[in-house]
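Results of the structural survey
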Amino acid sequence: MRTAYRVESVRAAEAALMAGLPEGTLMRRAAAGLAGACAGLLGRVYGSRVVLLVGSGANGGDALYAGAGLARRGAGVTAVLLGARAHEGGLAALLAAGGRVADDPFAVLARADLVLDGITGIGGRGGLRPEAVPLVRAARGSGAVVVAVDLPSGVDADTGAVDGEAVRADATVTFGAYKPGLLVDPAREYAGAVRLVDIGLADLLPSPPELEALHHADVAGLLPVPAAESDKYRRGVVGVVAGSARYPGAAVLAVAGALRGGAGAVRYVGPAGAAVLARYPETLVHAGPPADAGRVQAWVLGPGLGDTPGADDVLGSDVPVLVDADGLRALDMAAVRARPAPTLLTPHAGEAAALLGTDRADVEARRLEAVRELAARYGATVLLKGSTTLVADPDPGVPVRVNPTGTPWLATAGSGDVLSGLAGSLLATGLAPRDAASAAAYLHGLAARRAAAGAPVAAHDVADALPGAWRDVAA
Ligand SMILES: NC(=O)C1=CN([C@@H]2O[C@H](COP(=O)(O)OP(=O)(O)OC[C@H]3O[C@@H](n4cnc5c(N)ncnc54)[C@H](OP(=O)(O)O)[C@@H]3O)[C@@H](O)[C@H]2O)[C@@H](O)CC1
Ligand SMILES: [K+]
């Protein structure tokens, strides 16, 4: 599992570690790791041209010491000093190693092979300052590899927000721990490939982290395995309340996901039974209200539902309920909070914005805060869909999960319906909502990648690829 920590936690761990070490040890460790990563990216260090963008803090210090290391290996290293001051020891080390301070920053940037962004790290506030913007653009335009030191300057380490302009890096070398901004959009997009350099903080970081990203082994540990004596009812029955005369396809796709999520049976309730049976004859179909449909262990409510009634029956039930799409419209907060069993909401940014009374752009800009706020307000687990899907627990002390398997190919009509069915099915097998949501997002992203293999996919292709993704993870 990959974990990420807030700045205050990283600083506290750093202070605790530093208390027992000679001054400058951590910066030297960080700079050595950084120089090594740059050497790897350059291929040949000797004769290469490296430019350091240096801010006034320790982030600039890291860049200067790493630059000194590269200069000692024969690189031509030039520092561009952006602040009123620069890290003294770092600057002295660079000059002693044969590095220089730029007279004409734009001229050296134009010829650079690699640019190190040491403008700001975890001490940065707000986007890039105006004087840095033309230099950062020149670095990007030069064709040089841009490597961010600790974080791309201008992104918010704790929230992943980008307020104004920020450095767009090809790679980021981060120290001691991942920060949430490296894993959550929009900042994540600015970071490029992220590499973690161990500087010895690991044992001093708090538990729990701010953020978790599951890997194959973590998801494999969550997936249900049927016992030898299981029958279909013991494996769990998932009820799907979805589809309408206008959108029968959403019902079919939600059932397609549900059939691949491990439940022993899928019970479809609604007006699209004929369409569902035509595609999936194994479905149990019921045309009446959900309250009369028979026992289920979890409900999925909402995909393509239109104005079809049934929401009250489902929300009033005493089993876990996943609410998506049309089910989220006019969702009664008090009713959700009063439920005796867990609720999982799966909005995209637009639906989340409507629930929070804000606009979509605001949710996109501060996804981590938005998902936490929604979970707290509704007393529900919330899966916020997007390029980095997030899952928040109603308890603010529980880490948010960020899904690492997403792909832009998933932005296709109906793929959310498949995800709802899949997550609901996992809920019915007994997974906790946070585990069901994060395992579903993981498998769904992986299935989309397998199905797409570099070409567009349709939602039903994603559903068909789910068993393969499951096998991959469980292997
Ligand atoms: N933690 C660890 O374990 C280790 C941390 N290490 C490193 O230290 C870094 C943190 O260093 P830090 O605390 O000196 O802060 P940092 O990010 O350099 O910025 C500071 C200065 O920038 C300025 N400034 C602020 N906003 C700005 C903006 N938008 N645009 C431009 N300038 C802006 C502001 O100064 P001002 O100009 O306002 O006087 C502020 O004082 C960390 O990221 C990592 O690289 C490693 O060496 C070893 C282990
Ligand atoms: K930086």
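Values in this document were obtained by computation on a predicted structure and should not be read as measured data.

At 2.6 to 3.0 Å from the potassium ion (ligand 2) lie its protein donor atoms, namely Asn59 (OD1), Asp117 (O), Thr120 (O), Val149 (O), Leu151 (O) and Ser153 (OG). Considering all six donor atoms around the potassium ion (ligand 2), the spread of angles at the metal, 66 to 168°, places the coordination shape in the irregular class.

Turning next to the domain arrangement of the protein chain. Accessible area lost when the parts come together is the quantity often used to give the size of an interface. Each domain of the protein chain was delimited in the assignment, giving domain 1 (2–212) and domain 2 (216–474). Once you take the C-alpha centre of each, domain 1 and domain 2 turn out to be 40 Å apart. The interface is formed by 14 residues belonging to domain 1 together with 15 residues belonging to domain 2. Buried area between domain 1 and domain 2, summed over both chains or domains, comes out near 1200 Å², and the portion from carbon and sulfur atoms is 55%. Contact with domain 2 buries area across many residues of domain 1, yet Asp185, Glu210 and Glu212 alone supply 43% of it, more than any other trio. Counting across the domain 1 and domain 2 interface gives three salt bridges. Arginine 434 serves as the salt-bridge partner of glutamate 212, at 3.1 Å between the closest nitrogen and oxygen. Scanning the region where domain 1 abuts domain 2 turns up eight residue pairs in polar contact (both at pLDDT 80 or more).

This brings us to the nonpolar core. Buried together is how nonpolar side chains tend to be arranged in soluble globular proteins. One finds Leu223, Val240, Leu426 and Leu443 to be the most contacted residues of the largest nonpolar core, which totals 55 residues. Of all the elements in the fold, those that place two or more residues in this core are helix H8 (216–222), strand S10 (237–241), helix H9 (248–259), strand S11 (265–269), strand S13 (298–301), helix H16 (415–428), helix H17 (433–452) and helix H18 (459–474). The element best represented in this core is H17, accounting for 11 residues. Counting residues in hydrophobic clusters, the runner-up holds 52 residues, among them Ala93, Val173, Ala187 and Tyr190.

The next point concerns the UniProt feature "domain: YjeF C-terminal" (unreviewed entry) in the protein chain. Mapped onto the present numbering, the UniProt feature "domain: YjeF C-terminal" (unreviewed entry) falls at residues 215–473. Annotated as residues 215–473, this span is 43% helix and 13% strand, and its ends, taken at the C-alpha atoms, are 9 Å apart.

Taken together, 24 residues are adjacent to ligand 1, and Ala58, Asn59, Asp62, Gly121 and Asp150 come closest. Here a nitrogen atom of ligand 1 and a side-chain polar atom of glutamate 14 are 2.9 Å apart. At a separation of 2.8 Å, an oxygen atom of ligand 1 approaches a polar backbone atom of alanine 58. Its free accessible area being 940 Å², ligand 1 has 81% of it covered by the protein chains. Among the elements of the structure, helix H1 (7–18), helix H2 (25–42) and helix H3 (58–72) are those that each provide at least two residues to the shell around ligand 1. When grouped by side-chain class, the residues that make up the shell around ligand 1 number eight nonpolar, nine polar and seven charged.

Its location among the elements puts threonine 346 in the loop between strand S15 (343–345) and helix H13 (349–356). Of the polar contacts made by the side chain of threonine 346, one reaches the side chain of aspartate 324; its length is 3.1 Å. If near-sequence neighbours (up to four positions away) are discounted, threonine 346 is found in contact with Leu322, Val323, Asp324, Leu328, Glu351, Leu383, Lys385 and Ser420.

The rules behind these values
Residues numbered from 1 in each chain as written. Chains lettered and ligands numbered in written order. Predicted model: local features only at pLDDT ≥ 70, side-chain atom pairs only at ≥ 80, totals over all residues. Heavy atoms only, no water. Donors = N, O, S within 2.8 Å, 3.2 Å for Na, K, Ca; no water. Tetrahedral: all angles 85-135°; square planar, octahedral: opposite > 155°, others 65-115°. Domains from an automatic or database assignment. Contact = heavy atoms within 4.5 Å. Buried area = accessible area lost by both parts, 1.4 Å probe. Salt bridge = Lys/Arg side-chain N within 4 Å of Asp/Glu carboxyl O. Polar contact = N/O pair within 3.5 Å; in protein donor to acceptor, adjacent residues only side chain to side chain. Core = buried A, V, L, I, M, F, W, Y, C linked by side-chain atoms within 4.5 Å. Buried < 20%, exposed > 50% of the residue type's maximum accessible area, 1.4 Å probe, protein only. Helix = DSSP H or I, 4+ residues; strand = E, 2+ residues; numbered from the N terminus. UniProt positions renumbered as here; feature names shortened; annotations may be inferred. Near = heavy atom within 4 Å. Areas by Shrake-Rupley, 256 points an atom, 1.4 Å probe, with all protein chains shown as cover. Nonpolar A, V, L, I, M, F, W, Y, C, P; charged D, E, K, R; others polar.

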